[in-house]
Amino acid sequence: MRRFITTLDDLAAAPPHRLLLLYSGGVDGTYLLQWLHRHSIPAVTLTVRVDAERESLAPAEHAARFGAEHLEHDASAEYFAEFVPAAIHADAYYQGQFPVGSTLTRPLMARAAVRLARGLGCDAVGHTATYMQNSALRLSGSIAALDANLDVVAPFMGSDVRREEKLNALSQEGLSFTAGIHSIDANPWARVIECGSLECPENLLDESVFIRTRDVGDCPDDPVSLELSFEAGLPTALDSARMDLGELVGILNSVGGTHGVGRFSGLEDTPFGVKNHEIRESPAAT
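Below, the structure is looked at part by part. For clarity, every value in this text was computed on a predicted model and none was experimentally measured. (Residues numbered from 1 in each chain as written. Predicted model: local features only at pLDDT ≥ 70, side-chain atom pairs only at ≥ 80, totals over all residues. Heavy atoms only, no water.)

### What to know about the sheet that holds strand β14 (residues 263-269)
Right, so step 1: Spatial strand order, β9-β10-β15-β14: 4 strands in an open sheet with antiparallel pairing. In this open sheet, the two edge strands, each paired with only one partner strand, are β9 (183-187) and β14. Here the strands of the sheet are splayed against their neighbours by 20° on average, with no regard to which way each runs. (Pairing = 2+ DSSP bridges. Helix = DSSP H or I, 4+ residues; strand = E, 2+ residues; numbered from the N terminus. Axes fitted to C-alpha atoms, helices over the stretch in contact; angles between N-to-C directions.)

Shown next as structure tokens:
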């Protein structure tokens, strides 16, 4: 019978035999790895990538430090073959405000984890999303839908551990993390920026936070004209040059962002009643 484990206390009281943890190498996941190691709960970490340029050695190094096996899965082909086309066909905007972002990657990450879990002898799949993040429901719901027998471990949905506490605990292991105040989730279709100064919706972001788009005042004076060709509702060529979807998205992100296309700001609803102020950069999607 499947269990939903939503606090650290419940995880300690009834741990899984072996946990497969979705892991990016960040503060939350590394803190949980440290906690699992201290409680002698075996874990395998899995990093699912949809953008090869974001590869880093940190996840594997951190996992090894806490005695966990680490795996990497490149899901770029699946992402551009299945998930981005679905968003284009649906003209998918989150609550009508901005192009979907994490909505596309979370089910893909869950699918990769579920496929690997059983073969690795894992009886549970876990993540570190909190009740303030829509990813908590997207990941938990996807895992549950894909395998009715796997336990779902989401301990930070019920255990509120402050970031400062996590950083202090990890510093005792000699680990430090870039002191960014914002939470950023990026994939080729959307770059999502939240938390930090955005917790007050009246605040404006410093221009240094943006990577894919320029402020209108910094854009070139001369316009650029692009011609997209479509087949069956999907773009297949740019200025008559045929290319795959991943390459096309990369070019449109660069050209569109240079000309100030693709910045969004809005309040996002979550399943648990919290509203998050989010900024998104999505030039190609736009």
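### Details of helix α2 (residues 27-38)
Right, so step 1: Taking 1.5 Å as the rise per residue, α2 with 12 residues should run 16 Å; its terminal C-alpha atoms sit 17 Å apart, in good agreement.
Right, so step 2: Taken across its 12 residues, α2 has 9 buried, putting it largely inside the fold.
Right, so step 3: Residues of α2 that are buried include every one of Val27, Gly29, Thr30, Tyr31, Leu32, Leu33, Gln34, Trp35 and Leu36, and no others.
Right, so step 4: Buried residues along α2 sit in contact with α1 (8-13), β2 (19-22), β3 (43-49), α3 (58-65) and α7 (163-171).
Right, so step 5: One or two positions beyond α2, positive phi appears at Ser40, with a value near 55°. (Expected span 1.5 Å × (residues − 1). Buried < 20%, exposed > 50% of the residue type's maximum accessible area, 1.4 Å probe, protein only. Contact = heavy atoms within 4.5 Å.)

### A look at the pattern of salt bridges
Right, so step 1: Counted according to the given criterion, the structure contains 14 salt bridges.
Right, so step 2: Note that Glu69 and Arg18 form a salt bridge whose closest N and O atoms lie 3.2 Å from each other. On the criterion of sequence distance, the pair formed by Glu69 in strand β4 (residues 69-74) and Arg18 in the loop between α1 and β2 is long-range, its members being 51 residues apart.
Right, so step 3: Note on Glu69: relative accessible area 35%, which makes it partly exposed.
Right, so step 4: For the salt bridge of Arg111 with Glu82, the shortest nitrogen-to-oxygen distance reads 3.0 Å. Residue Arg111 is found in helix α5 (residues 102-117), and its partner Glu82 is found in helix α4 (residues 76-90); the two are separated by 29 residues along the sequence.
Right, so step 5: A single network of salt bridges, built from pairs that share partners, joins Glu78, Glu82, Arg111 and Arg115. (Salt bridge = Lys/Arg side-chain N within 4 Å of Asp/Glu carboxyl O.)

### Observations regarding the side chain of His70
Right, so step 1: Relative to the elements of secondary structure, His70 occurs in strand β4.
Right, so step 2: Among the polar contacts listed, one links the side chain of His70 to the side chain of Thr45, at a separation of 2.7 Å.
Right, so step 3: Within the local environment of His70, its side chain forms a polar contact with the side chain of Glu72, the two groups lying 2.9 Å apart. (Polar contact = N/O pair within 3.5 Å; in protein donor to acceptor, adjacent residues only side chain to side chain.)

Keep in mind these values describe shape, not function.
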